[in-house]
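So the chains spell out like this:
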Amino acid sequence: MAAAGINSYRPAALSDNRGFALEAAALTDKKIAAGEAIADLAGIPGAIKDNICVKGQQVTCASKMLASYRSPYDATVIEKLNALDYVSLGKTNMDEFAMGSSTENSAFQVTTNPWNAKYVPGGSSGGSAAAVAAGEVVWSLGSDTGGSVRQPAAYCGVVGLKPTYGLVSRYGLIAFASSLDQIGCFTNDVEDCAVMLNAIAGYDKKDSTSVPQGAKDYKKALVNDVKGMKIGIPEEFFGEGLDTECRKILDDAIETYKKLGAQIITVKMPNMKYGLAAYYIIAPAEASSNLGRYDGVGFGMRVPGKDIVDMYCKTRSEGFGPEVKRRILLGTYVLSAGYYDAYYLRAMKVRTLVRQDYDKALSQCDILLTPTAPDTAFEIGKNKENPLSMYLGDVCTVTVNLAGLPGISIPCGYKNGLPVGMQLIGSFPTGEVEI
Ligand code: GLN
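Residues numbered from 1 in each chain as written. Predicted model: local features only at pLDDT ≥ 70, side-chain atom pairs only at ≥ 80, totals over all residues. Heavy atoms only, no water.

Asks: Where do I start with the overall build of the protein chain in this structure?
Replies: On a plain count of helices and strands, the protein chain comes out with 12 helices and 11 strands. For 435 residues, the compact-globule estimate of 2.2 N^0.38 gives 22 Å, and the C-alpha radius of gyration of the protein chain, at 21 Å, lies within 12% of that figure. Counting only C-alpha atoms, the protein chain reaches 70 × 65 × 45 Å along its principal axes. The buried share among the 435 residues of the protein chain stands at 57%. Partitioning the contacts of the protein chain with sequence separation of at least 6, the portion at a separation of at least 24 is 75%. In the form shown here, the protein chain has an accessible surface area of approximately 18300 Å², with 55% of it arising from carbon and sulfur atoms. Across the protein chain, the 43 positively charged side chains and the 46 negatively charged ones have centroids separated by 3 Å. (Helix = DSSP H or I, 4+ residues; strand = E, 2+ residues; numbered from the N terminus. Rg over C-alpha atoms; globule rule 2.2 N^0.38 Å. Buried < 20%, exposed > 50% of the residue type's maximum accessible area, 1.4 Å probe, protein only. Contact = heavy atoms within 4.5 Å. Areas by Shrake-Rupley, 256 points an atom, 1.4 Å probe, with all protein chains shown as cover. Lys, Arg positive; Asp, Glu negative; His and termini not counted. Charge placed at Lys NZ, Arg CZ, Asp CG, Glu CD.)

Structure representation (structure tokens):
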């Protein structure tokens, strides 16, 4: 089945890389003509979310604040891709500073869902997901702080992986909420996903939260057999709020795993119900601090004022969009002396409880299976003026970031012509295939 609404499809890219892509392709052609071995990603078109730094290229975070900013250096993932002769066709659209679930918060343009142009592609990495779903590229990079790779992957019917926190370097990823952010990838299938993870994973001394580890081959780990695997179904993810048709499609997927020899068990995760609230305290708290650097001095936009405070105010008022301002206000509030204990500290306690729920559930099985989102993609404009209903759509993904675990969204069916995603959540990695 191919994405259908392509005629009225609106662009996934914020900028194109024509010159760079043609140069890279010419280099690969030369190597092939000379009979030289070519690297894993040579000649395979990809795209990069516009919050990942590529030397000399724009990195706008889809914000007016960084509209004219160009990165002076490569992110570590880009250095790694460079070594594999990667070809990037451009930087992809996103919610401003990765805050959002629909890509509607971009200051520059709306990206539509390639399956039906009336619907959002998801977010915040909506451009990266749409570009793969529309067949514009074979792979793309995104970032996932609370679901921004997995949810758009589900909405666009592609594979989206959020690696374990610390597996992929965050150096050169423009920070949203540093204890949750992780670079991930979009592909058409899990094999390509493993190739991309091989390309971007690995210890980096430039990222203090990077986890020291030996090289692994994720492609070799794909054994194409689930016989004997124990799959845990957390009932809390399948309750009220999950669309009934999506539930049926997920039940069919569970049945298929059973037929293939997997063992299905039910697990309990009683603290999941607090996860969304905790995320929407912790993520804005970290964001309010990370975004303090956009003051008209160090990076990007400056709006002159009568004195320095006036310049700060004008720059931040004009540079940031409404959702980013909402998060900064919320974040500053929950970190303020009078409310720190009541909100931030309690949210951090919930984070520990969430992590304990995952530890316990994953001690009873090999992997957890949940929906990626409570429903399929929603219509453009439907949640734009209602942040709470937008936030509610993140309920299945945010707890995975709070716990730092790996999660992947895999297409598992269609409802009214729109893709439905299934999320698989793993434990901290042990025993992958060492090279
Ligand atoms: N939708 C979530 C938010 O707006 C997650 C965003 C993300 O993962 N970058 O915070």
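Asks: Can you help me understand a nonpolar patch on the surface in this one?
Replies: On the surface, V297, I308, V309 and Y312 cluster together to form a nonpolar patch covering roughly 370 Å² of accessible area. Examined against the element boundaries, Y312 turns out to sit in helix 8 (residues 308-319). A relative accessible area of 32% means that Y312 is categorised as partly exposed. (Patch = residues over 30% accessible without salt bridge, like charges linked within 9 Å, V, L, I, M, F, W, Y side chains within 5 Å. Salt bridge = Lys/Arg side-chain N within 4 Å of Asp/Glu carboxyl O.)

Asks: Help me understand the sheet that holds strand 8 (residues 263-267), please; the structure alone is not making it clear to me.
Replies: Within a beta sheet, neighbouring strands are joined by backbone hydrogen bonds and run either parallel or antiparallel to one another. Strand order across the open sheet formed by 11 strands is 1-3-2-4-6-5-10-11-9-7-8, with mixed pairing between neighbours. This sheet does not close on itself; its edge strands, each paired only once, are strand 1 (13-16) and strand 8. Sheet twist, expressed as the mean angle between neighbouring strand axes with direction ignored, is 30°. Sitting on the sheet, helix 1 (residues 18-33) touches strand 1 and strand 3 (87-92), and the angle it makes with strand 3 is about 160°. With respect to the sheet, helix 2 (residues 76-83) is in contact with strand 2 (45-49), strand 4 (139-143) and strand 6 (183-187), its orientation differing from that of strand 4 by roughly 165°. (Pairing = 2+ DSSP bridges. Axes fitted to C-alpha atoms, helices over the stretch in contact; angles between N-to-C directions.)

Asks: What is the right way to look at the packing of helix 7 (residues 275-290) against helix 9 (residues 322-335) in this model?
Replies: The description of two helices packed together rests on the angle between their axes and the distance between the axes. Where helix 7 contacts helix 9, the two axes come as close as 7 Å, and the packing angle between them is 100°. Classed by the angle they form, the pair helix 7 and helix 9 counts as roughly perpendicular. Contacts from Y280, I281, P284, A285 and S288 in helix 7 reach R327, I328, L330, G331, T332, V334 and L335 in helix 9. Here the contact of helix 7 with helix 9 is composed, by residue class, of eight nonpolar, three polar and one charged. (Parallel < 35°, antiparallel > 145°, perpendicular 65-115°, else oblique. Nonpolar A, V, L, I, M, F, W, Y, C, P; charged D, E, K, R; others polar.)

Asks: How do you make sense of helix 10 (residues 340-363) when you look at a structure like this?
Replies: Think of an α-helix as turning once every 3.6 residues; residues three or four places apart then point the same way. Over its 24 residues, helix 10 extends 33 Å from the first C-alpha to the last, a length consistent with the 34 Å expected when each residue adds 1.5 Å. Among all positions in helix 10, only Y344, A347, V350, R351, V354, D357, Y358, A361 and L362 are buried. Residues of helix 10 that are buried in the fold lie against strand 8, helix 7, helix 9, strand 9 (367-371), helix 12 (398-403) and strand 11 (418-425). (Expected span 1.5 Å × (residues − 1).)

Asks: I would appreciate a short explanation of empty space enclosed by the protein in the present structure.
Replies: Summary: where empty space remains is shown by rolling a probe the size of a single water molecule over the atoms. This model, assessed by the stated rule, comprises two cavities of 30 Å³ or more. Each pocket or cavity is described by its volume, and for the largest cavity that value is around 90 Å³. In terms of lining, the largest cavity is formed by 15 residues, of which the most central are G100, G146, S148, Y279 and D394. Among the residues forming the lining of the largest cavity, the class breakdown is five nonpolar, eight polar and two charged. Considering only enclosed or pocket space, the second largest cavity measures out at about 50 Å³ in volume. In terms of lining residues, the second largest cavity is bounded by A154, Y155, A373, D375, T376, P419, V420 and G421. Of all the elements in the fold, those that place two or more residues in the lining of the second largest cavity are helix 4 (150-156) and strand 11. The biggest single contributor to the lining of the second largest cavity is strand 11, with three residues. Of the residues assigned to the lining of the second largest cavity, the class counts are five nonpolar, two polar and one charged. (1 Å grid on protein atoms, 1.4 Å probe; cavity = no way out; pocket = protein on both sides within 12 Å on 5 of 7 lines; lining within 4 Å. Points joined across faces, edges and corners; volume = space filled by probe spheres on them.)

Asks: Can you walk me through the layout of surface pockets in this structure?
Replies: In this model, the second largest pocket occupies a volume close to 700 Å³. In terms of lining residues, the second largest pocket is bounded by 31 residues, among which G241, P374, L392, G393 and V395 are the most central. By residue number, the principal contributor to the lining of the second largest pocket is helix 11 (residues 387-392), which donates three residues. Among the residues forming the lining of the second largest pocket, the class breakdown is 16 nonpolar, eight polar and seven charged.

Asks: Explain the nonpolar core here, please?
Replies: For soluble globular proteins, nonpolar side chains are generally found buried alongside one another. Counting residues in hydrophobic clusters, the biggest one holds 122 residues, and the most contacted among them are L81, F97, L141, Y358 and L369. With nine residues, the single largest contributor to this core is helix 7. (Core = buried A, V, L, I, M, F, W, Y, C linked by side-chain atoms within 4.5 Å.)

Asks: Which parts of the structure should I look at to understand the site of the ligand?
Replies: Neighbouring residues of the ligand: 15 residues in total, closest T145, G146, S148, Y279 and R327. Residue G147 places a main-chain N or O atom 3.3 Å away from an oxygen atom belonging to the ligand. Out of a free accessible area of 300 Å², the ligand has 99% covered by protein chains. Partitioning the shell around the ligand into residue classes produces five nonpolar, seven polar and three charged. (Near = heavy atom within 4 Å. Polar contact = N/O pair within 3.5 Å; in protein donor to acceptor, adjacent residues only side chain to side chain.)

Asks: Would you mind going over the pairing of strand 3 with me for this structure?
Replies: For a regular strand, the rule is simple: side chains alternate between the two faces of the sheet. For strand 3, the tally of buried residues reaches five of six residues, placing the bulk of the element in the interior. Relative to strand 3, strand 1 runs antiparallel, the two sharing three bridges. Of the residues in strand 3, the one forming a bridge with D16 is G90. Examined bridge by bridge, strand 2 and strand 3 share four bridges and lie parallel to one another. If you follow K49 over to strand 3, its bridge partner there is T92. The parallel pair strand 2 and strand 3, bridged by helix 2, forms a crossover whose chirality is right-handed. (Right-handed = clockwise from strand over helix to strand, strands pointing away.)

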